[in-house]
Each structure stands twice: as structure tokens, then as C-alpha cells.
Amino acid sequence: MVRVAHPTEKLMSGALSHIRVLDLSRVLAGPWAGQIFGDLGAEVIKVERPGSGDDTRHWGPPYIKDAEGNDSREAAYFQSANRNKQSLTLDFTQSEGQRLVRELVAQCDVLLENFKVGGLAAYGLDYESLKAINPRLIYCSITGFGQSGPYAKRAGYDFMIQGLGGLMSLTGRPEGEEGAGPMKVGVALTDILTGLYATVGVLAALNQREQSGVGQHIDVALLDVQVACLANQAMNYLATGVSPKRLGNAHPNIVPYQDFPSADGNFILAVGNDGQFRKFCEVAGIANLADDSRFVTNKARVAHRAELIPLLRQATVFKTTAQWIEQLEKAGVPCGPINDLQQVFADPQVQARGLRLDLPNALGSSTPQVASPLRLSATPVAYRSAPPLLGQHTEALLQRLLGMSETQVAELREAGVI
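In this text the structure is predicted, and so the values were computed from the model without any measurement.

Draft legend 1. Broad picture of the sheet that holds strand E11 (residues 335-337). Taken together, the three strands give an open sheet; going across it, the order is E9-E10-E11, and neighbouring strands pair in antiparallel fashion. Of all strands in the sheet, those bounded by a partner on one side alone are strand E9 (257-262) and E11. The mean angle between the axes of side-by-side strands here comes to 30 degrees, regardless of whether they run parallel or antiparallel. Of the strand pairs in this sheet, strand E10 (residues 265-270) and E11 are connected by three bridges, and their pairing is antiparallel. If you follow Leu269 over to E11, its bridge partner there is Cys335. Here helix H12 (residues 305-316) sits on the sheet in contact with E9 and E10, set at roughly 40 degrees to E9.

Here's what the structure looks like:
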């Protein structure tokens with residue numbers, strides 16, 4: 001069950017409710033990690049540039065609607081990675097802003113940042129400087145290429161890394177087919193995976209801190225993550241010395257495991273073993289293929305892929321997608337539709353799992369969200385607040401955490417520090 005918490009509720013039951021995170025990151029990988037911490041109960045303070053904030057606030061259209069149903073200035077992109085956070089506008093290129101960051105660091109457990117290598121050292125906000133203030137600090141740096149190596153100083157973006165890191169060489173239609181060529185994944189998958197790895201690293205460091213009493217620096221690079229997540233395809237190369245080629249929607253190691261045409265569209269067939277292949281052939285009325293020596297085992301089917309797939313495609317066009325799914329599910333053969341996002345959020349399983357929710361926002365309307373996939377029985381994820389407006393919590397945070405008066409806050413705003 002999705003739990004939408006009251007914005008002022010203190011979630012002592014949250015798995016990370018004892019953790020405070022200072023999030024200096026922008027765009028997607030770092031904010032994705034920060035949102036996970038927020039979903040799990042941590043207090044997450046998002047530090048943004050006064051006047052402009054996170055770049056993705058402006059990556060629209062589309063935009064979230066206000067109370068009157070008009071487009072706001074809040075881009076949907078920003079909303080995907082910044083719920084359960086408080087926004088603090090702070091210019092740490094100024095010495096007074098740097099001082100405020102240091103005071104905040106003294107009260108935080110985790111710092112997330114994705115500046116270029118050495119970028120924060122110029123402001124005295126690098127790990128070595130800040131651990132002197134707070135030895136227990138977990139400082140997580142997310143960059144394109146890591147803190148070392150010949151590319152360390154380069155900026156790195158998801159699209160670039162998908163290309164350089166090999167993913168695009170595996171994605172897209174095979175050579176010789178219409179529309180052949182390398183293709184990126186339809187979402188910034190490398191950023192998302194990097195945010196997940198950053199989260200895992202921080203949680204490991206927090207656990208280790210319970211024994212050592214001290215924090216540490218975590219170096220997470222998009223390129224490292226992309227190469228690590230090549231998984232079986234990387235091993236296929238390392239085992240043979242032969243670079244895998246694009247196969248479209250086909251699988252390099254399993255056949256048949258791809259999309260097939262139906263009478264009214266397409267569907268996915270995901271045969272994982274020889275028994276499932278035989279069952280599929282029986283449902284399709286081509287049982288003889290299951291006894292053909294070219295196709296009787298997966299190894300044989302991989303070797304004779306070019307002969308088998310056209311035969312299967314000839315058979316699949318005689319039933320609709322719905323008919324295939326109904327009959328193959330009864331036979332225990334993995335299969336499924338190819339849904340657009342309207343169909344995804346209308347799917348009864350997606351609805352039953354509560355994967356879409358709406359959170360009240362500061363615009364007087366509500367912000368649609370995709371729920372966290374984490375389901376913890378004792379400390380469930382809770383949704384305390386929609387992604388914040390730029391600087392929405394600046395005054396409250398400075399007063400609560402740093403003990404500032406209204407006059408002091410006003411002076412900082414007048415000086416352009418906040």
C-alpha cells in the first residue's frame with residue numbers, strides 16, 4: 001500500500017529517518033540517489049543556485065499544472081527525481097555561502113555532489129576540507145569518468161557514456177536491416193544506474209561507520225557504472241574476444257527471446273528453456289519444430305537463429321496479441337505486450353501496486369509521481385512532500401539548523417548569498 005505522509009509528520013519509523021543528507025548534485029544521477037534517501041525517511045536538503053536552481057527545473061515542456069490548470073514554471077523532468085526534499089538556495093561561490101555550507105556539513109551525515117573533479121576544492125568544499133569539520137561525513141562524488149585516469153577532468157553526460165561505454169553498440173537494429181544503427185536507451189539509464197550505485201555505496205559506508213566511527217569518500221563514475229552494467233554482454237566479449245553485435249530486440253544467448261508480430265501488433269516471447277519452447281510450439285500449431293534437431297535445444301536454436309525466427313514469425317501473425325498472451329500464460333510460457341505509457345499506467349497490475357500517486361504541492365495543485373519500487377514491511381517508504389519550489393525552505397532551514405534570526409536571513413538575501 002502506498003503511504004502518503006503528512007508533510008509535517010516526523011517519520012521516526014523511516015529506515016533512514018536518523019540520517020541527514022546535503023544534496024549538492026544536479027540533473028539526474030545525484031538527485032536520483034537523494035530521492036531514494038528521502039523516500040526511505042532521510043532528511044534531504046537540496047542546495048541550489050539562487051535564481052536558477054537545478055538545470056532540470058527548466059527542461060520543459062512539459063510542465064506541472066498550477067491550481068488554475070495552467071502550465072507552471074516547474075518542469076516535469078525535475079519532478080521525477082526530487083520529491084521528499086527541501087530546497088535551500090545558496091551561492092557558495094561567495095565566502096559567506098561557503099561558511100554556511102560548512103556549518104550545515106557539521107550537522108549532516110551524507111553529502112552528494114556531481115561537480116567536475118576538483119570543482120569544489122576551489123571553495124574549500126572538497127572531501128579533505130570537510131572531513132576536518134565532520135570526520136563522520138560520507139562524501140559521495142558522482143562524475144562522468146571518476147577521480148582518476150586520463151578522462152577525469154572531462155564532463156560526462158548519459159548520452160555520451162552510453163556511446164563510449166558500449167551500450168549503444170548493443171542497442172538498435174542489426175546491420176543490414178532497415179533502420180540499422182546504434183541507438184541510445186529511451187531514458188537516461190546510465191544516470192539512473194549511477195544513482196542506484198551511489199545509494200548502495202553510501203549505505204555501505206554508513207554501515208561501516210557504525211563500526212569505525214568515521215566516514216569516507218565515495219568515487220562513483222558514470223563510465224564505470226555503464227561498463228559494469230554490460231553484464232552478460234561484457235562476459236560474452238571477455239570469454240571470446242569477439243565484440244557482440246546489435247540484435248535489435250533479440251537476445252544474444254537465448255532463442256526465441258524477442259518481439260514477434262501478431263495479428264494486431266506485436267508481443268514479446270521470452271522462452272527460457274527447452275520445455276517452454278516445446279509448449280510454445282504446441283500452442284502455435286508448429287509442434288514439429290520442437291523435434292527438429294536444429295531447434296531442439298537452446299544451443300541449437302542460437303546456432304540456427306536465422307532459420308528459426310522467420311518460421312516463428314510466420315506462425316505468430318495468425319493470433320492477436322491478447323490471444324497469444326492468454327494462451328501462452330495458460331501454457332506457462334513467458335510472454336507479454338509492448339505497452340505505451342498510457343497502457344502501462346492503466347495496467348491492472350501497475351494500478352494494484354500503486355505505482356502512480358499524486359502529491360499536494362506548493363502551487364495549490366498536485367504533482368503526479370511514480371512510486372518507489374521499494375517495499376519494506378517494517379519501515380515502508382513514505383511520500384512526505386512533492387518536489388519543492390526553488391528556495392522553498394531556505395528561511396526555515398537556516399533558522400532551524402543554524403539558529404539564524406529573521407534579520408540575519410534577510411541580510412543574506414540582500415547580499416545575494418541566498
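Draft legend 2. Main features of the pairing of strand E6 (residues 110-113). Alternating positions in E6 separate into two faces, Val110 and Leu112 on one and Leu111 and Glu113 on the other, with burial throughout. Sheet topology note: the E6/strand E7 (residues 138-143) ladder contains four bridges and is parallel. By the bridge assignment for E7, Glu113 is matched with Ser141. Taking the sense of rotation as the criterion, the β-α-β connection linking E6, helix H4 (residues 127-133) and E7 turns out right-handed.

Draft legend 3. Representation of the layout of surface pockets in the model. Here the largest pocket defines a volume of roughly 940 Å³. Along its surface, the largest pocket is lined by 28 residues, and Trp32, Gln35, Ser80, Gln369 and Val370 are the ones closest to its centre. For the lining of the largest pocket, the elements supplying multiple residues, two or more each, are helix H1 (29-39), strand E3 (63-65), helix H2 (76-79), helix H7 (189-212), helix H14 (341-346) and strand E13 (366-370). Counting residues per element, the lining of the largest pocket draws most heavily on H1, which supplies four residues.

Draft legend 4. Main features of the sheet that holds E7. Judged by pairing direction, the sheet is parallel, and its six strands sit side by side in the order E5-E2-E1-E6-E7-E8 without closing on themselves. Two strands lie at the open edges of the sheet, namely strand E5 (86-89) and strand E8 (216-221), each paired on one side alone. Ignoring strand direction, the axes of neighbouring strands in this sheet form an average angle of 20 degrees. Where strand E1 (residues 20-23) meets E6, three bridges bridge the pair, whose relative direction is parallel. Opposite Val21, over in E6, you have Val110 as the bridge partner.

Draft legend 5. Examining the pattern of salt bridges more closely. Per the stated rule, a full pass over the model turns up 22 salt bridges. Between Arg57 and Glu74 there is a salt bridge, and its shortest N-O distance comes to 3.1 Å. One end of the pair, Arg57, is in the loop between strand E2 (43-48) and E3; the other, Glu74, is in strand E4 (residues 71-75), and 17 residues separate them in sequence. By the burial criterion, Arg57 is buried, and Glu74 matches it. Salt-bridge contacts for Arg99 lead to Glu103; the nearest nitrogen and oxygen are separated by 2.2 Å. Here the residue Arg99 and the residue Glu103 both occupy positions in helix H3 (residues 95-105), the gap between them amounting to four residues, near one helical turn. Overall, the relative accessible area of 31% leaves Arg99 in the partly exposed class. Through salt bridges with shared partners, one network takes in Arg20, Glu43 and Arg400.

Draft legend 6. Main features of a nonpolar patch on the surface. A contiguous nonpolar surface patch, about 340 Å² in accessible area, is contributed by Met235, Tyr237 and Leu238. Take Met235: it is sitting in helix H9 (residues 231-240).

The rules behind the values
- Residues numbered from 1 in each chain as written.
- Predicted model: local features only at pLDDT ≥ 70, side-chain atom pairs only at ≥ 80, totals over all residues.
- Heavy atoms only, no water.
- Pairing = 2+ DSSP bridges.
- Helix = DSSP H or I, 4+ residues; strand = E, 2+ residues; numbered from the N terminus.
- Axes fitted to C-alpha atoms, helices over the stretch in contact; angles between N-to-C directions.
- Contact = heavy atoms within 4.5 Å.
- Buried < 20%, exposed > 50% of the residue type's maximum accessible area, 1.4 Å probe, protein only.
- Right-handed = clockwise from strand over helix to strand, strands pointing away.
- 1 Å grid on protein atoms, 1.4 Å probe; cavity = no way out; pocket = protein on both sides within 12 Å on 5 of 7 lines; lining within 4 Å.
- Points joined across faces, edges and corners; volume = space filled by probe spheres on them.
- Salt bridge = Lys/Arg side-chain N within 4 Å of Asp/Glu carboxyl O.
- Patch = residues over 30% accessible without salt bridge, like charges linked within 9 Å, V, L, I, M, F, W, Y side chains within 5 Å.
- Areas by Shrake-Rupley, 256 points an atom, 1.4 Å probe, with all protein chains shown as cover.

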